Amino acid sequence: VIAGYQGVTDNDECTTLGFDGSDTTAVAVAGALKASKCVFYKDVRALYSSNPRRVPKACRINEISFEEMSIFAELGSRILHPNSVKLAQKYDVPLQVRPTFDDNDEGSIIDGKTSGREIIGLTYFQQSPQNITISLVGKTVQKSDSQKMIKILNSEKIFAEEIILLEGKMNASVTIGWVEQLERALVKLHQEFGLDAEGEQQAFVGIGKQVFDPAVK
């Protein structure tokens, strides 16, 4: 038995690894032992494209790549700690998420295989009632995308204080006067960047950051 959730700083001081840090401990141990896989027993059956408790049409995902799972984590999924996924990719340790309540359900596998699935999400995070950060995650963004975002925000009289393009993600820091402004702008952004399209693309609904989905009220 090994204690999870604990670590050591560069100064050899004991510290904690943050929320769900025991996930990271488990993967680190599995990597050190060169284990064939690391299994997590959770209170969910598997990974889903959205929270099935909130979105009845959420799609079950039986297998997903490390890169795709990292995007899920960025979009607010709290099934696994983001650092645990990074470690699993570094040590090439497949992960399995399966339910505690059903021994016959194999759950989901996270490994180095790619599916070609495109996972994109539009998130917003409220620092205060007026100060919002809007992020487009999982899409390869270009300078023209920031111009599209500015145009849509301006159409709702929302003015971006800062837009940052970094590692496939676009962040816009904005100030709003009332929530209806934000809702209208998010609907337009959702349509502009193809999140309403059918196909392999999936917009993940997570926790923490609010992931915008016009179908969820």
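Here the structure is shown first, and the text comes after it.
What counts as what
Residues numbered from 1 in each chain as written. Predicted model: local features only at pLDDT ≥ 70, side-chain atom pairs only at ≥ 80, totals over all residues. Heavy atoms only, no water. Helix = DSSP H or I, 4+ residues; strand = E, 2+ residues; numbered from the N terminus. Expected span 1.5 Å × (residues − 1). Buried < 20%, exposed > 50% of the residue type's maximum accessible area, 1.4 Å probe, protein only. Arc of directions from axis to C-beta. Contact = heavy atoms within 4.5 Å. Pairing = 2+ DSSP bridges. Axes fitted to C-alpha atoms, helices over the stretch in contact; angles between N-to-C directions.

> Just to check I follow, could you spell out helix H4 (residues 143-155) for this structure?
Turn by turn, an α-helix covers 3.6 residues, leaving residues three or four places apart pointing in a common direction. The end-to-end C-alpha distance of H4 is 19 Å, a good match for the 18 Å that 13 residues give at a rise of 1.5 Å each. Turning to H4, its buried residues number three or more, namely Asp-145, Ser-146, Met-149, Ile-152 and Leu-153. End-on, the buried residues of H4 take up no more than an arc of 125°, which puts them together on one face. Structural note: H4 exposes Lys-143 and Lys-151 on the side pointing more than 90 degrees away from its buried face. The elements touched by buried residues of H4 are strand S10 (131-137), strand S11 (159-166), strand S12 (169-175) and helix H5 (179-192). Within two residues after H4, Lys-157 carries a phi angle of roughly 60°, on the positive side.

> How should I be thinking about the sheet that holds strand S6 (residues 63-65) in this particular structure?
In a beta sheet, neighbouring strands pair by backbone hydrogen bonds and run either parallel or antiparallel. In spatial order, the strands read S3-S7-S8-S6; together these four strands make up an open sheet with mixed pairing. Across the chains shown, the open sheet's two edge strands, defined by having one partner strand only, are strand S3 (38-42) and S6. Across the sheet, the mean angle separating the axes of adjacent strands is 20° when strand polarity is ignored. Of the strand pairs in this sheet, S6 and strand S8 (residues 108-111) are connected by three bridges, and their pairing is parallel. In the strand pairing of S8, Ser-65 is matched with Asp-111. The strands that helix H1 (residues 21-32) touches are S3 and strand S7 (95-99); relative to S3, the one it contacts most, it runs at about 155°.

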